[in-house]
Amino acid sequence: MRLHQTSGTTGRPLTVLDTTESWDWWADCWATIYHAAGATSDDIVFLAFSFGPFIGFWAAYEGAKRIGALVAPGGGQTSAQRLRAMLAIGATVLVCTPTYALHLAEVATQEGIDLASSSIRLTIHAGEPGASVPSVRRRIEEAWGARAYDHAGMTEMGAYAFTCQRQDALHVNEAEFIAEILDPVTGAPTVEGERGELVLTNLGRWGMPAIRYRTRDLVQRGPTACPCGRTYLTLPGGVLGRVDDMLIIRGVNVYPSGIEDALRSISAVQEFRVTVFKVGELDEIELEVECPPEVVPQVEATLRKALSLRIPTRAVAPGALPRFELKARRIVDRRGERA
Ligand SMILES: [Zn+2]
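Here we summarise the structure given alongside this text. This is a predicted model, so every value here is computed, not measured.

### Observations regarding the sheet that holds strand S19 (residues 313-316)
Thinking step 1. As summarised here, the arrangement of the four strands in space is S19-S18-S17-S20, forming an open sheet in which the pairing is mixed. Only two strands of the sheet have a single partner each, and these edge strands are S19 and strand S20 (331-333). Each strand of the sheet is rotated relative to its neighbour by a mean of 25°, with strand direction disregarded.
Thinking step 2. Pairing between strand S18 (residues 282-290) and S19: four bridges, direction parallel. Looking at S19, one finds that Val289 is bridged to Ala315.
Thinking step 3. Docked against the sheet, helix H6 (residues 256-264) engages strand S17 (272-279), S18 and S20, running at close to 135° with respect to S17.
Thinking step 4. Helix H7 (residues 296-307) contacts S18 and S19 of the sheet and is inclined by roughly 140° relative to S19.

And the structure:
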């Protein structure tokens, strides 16, 4: 009774179907995410997203209904209209991508809206991992005067993980999923502290089951005991990247999330874009950053410290780089082109 389609950022879009009971199960999984973030039936949930074929925010909508909250879909509106709608209805929970939360904060500044004093008390993020990146989360929380929570899910699998009040790791929802973390090359199991590919089995999506599905998500195996009292497996730092996203630059392993974490710690940086290209047989990267030109030495020094890598950086004008409502695409891969 439901048809969903992926955004198809890596190849052909994937079409997925759900039965009534499978879709109910999605709503239950999202209710877990809301409960863990502290959302209740007293909340007014605003979904800042254009409702299309992508499953994520539809599931968030169903989950908000499930916890008994008042739900406001924010499709078909400009960013400024969304901000005004949120303020007008006294929304208390914002659901959107982390990238879009930062973009809304920029628009609010332009419109003279003080978000920190708004009624939004918590934000829940979907679509991309940023809210588990400490510097991204801090920036969202400062801009919104709210606590920011992450969740992880995928069209093929379900909403499989959430952050608790500790906020620094995802919990896999092990009531509904079996999680394995395996070496992506050998398939060998990892031990605590090691990184690997998350392999999932969903237990309640009977209309569209997936068994030992290789998610391509790179995660770290954390402890199963959390001060919040849950005993579900933790993934410190959330989804660290895609297994396929790792770049090897001058012998150093680099994940785009590592670049983002370093950049977001510099308050003058607004948006950025990484270009990957080939020099002979080797991969190289360069960076464009929306910041004043005099900040570039600080950006390069921060990246060199965080990644042990010198990354040539160029300042561009504010607003010069694209903004994203859904999955941000900040990596431009030109390795297939001739120099
Ligand atoms: Zn916890």
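### As for helix H5 (residues 134-144)
Thinking step 1. For H5, the full list of buried residues reads Ser135, Val136, Arg137, Arg139, Ile140 and Trp144.
Thinking step 2. As for H5, its buried residues are in contact with helix H3 (79-89), strand S5 (93-96), helix H4 (98-110), strand S6 (122-125), strand S7 (147-154) and H6.

### Some thoughts on the side chain of Arg264
Thinking step 1. Take Arg264: it is sitting in helix H6.
Thinking step 2. Apart from the residues lying within four places of it in its own chain, the contact partners of Arg264 are Leu102, Ser135, Val136, Arg139, Gln270, Glu271, Phe272 and Arg330.

### Comments concerning the packing of H6 against H7
Thinking step 1. Contact pair H6 / H7: the axes reach a minimum separation of 9 Å and the direction vectors enclose 135°. Taken together, H6 and H7 sit at an angle that is classed as oblique. By crossing handedness, the relation of H6 to H7 is classed as right-handed. On the side of H6, the interface is formed by Gly258, Ile259, Ala262 and Leu263, while H7 contributes Val299, Thr302, Leu303, Ala306 and Leu307.
Thinking step 2. Here the contact of H6 with H7 is composed, by residue class, of seven nonpolar, two polar and no charged.

Criteria and thresholds
- Residues numbered from 1 in each chain as written.
- Predicted model: local features only at pLDDT ≥ 70, side-chain atom pairs only at ≥ 80, totals over all residues.
- Heavy atoms only, no water.
- Pairing = 2+ DSSP bridges.
- Helix = DSSP H or I, 4+ residues; strand = E, 2+ residues; numbered from the N terminus.
- Axes fitted to C-alpha atoms, helices over the stretch in contact; angles between N-to-C directions.
- Contact = heavy atoms within 4.5 Å.
- Buried < 20%, exposed > 50% of the residue type's maximum accessible area, 1.4 Å probe, protein only.
- Parallel < 35°, antiparallel > 145°, perpendicular 65-115°, else oblique.
- Left-handed = near helix turned anticlockwise from the far one by under 90°.
- Nonpolar A, V, L, I, M, F, W, Y, C, P; charged D, E, K, R; others polar.

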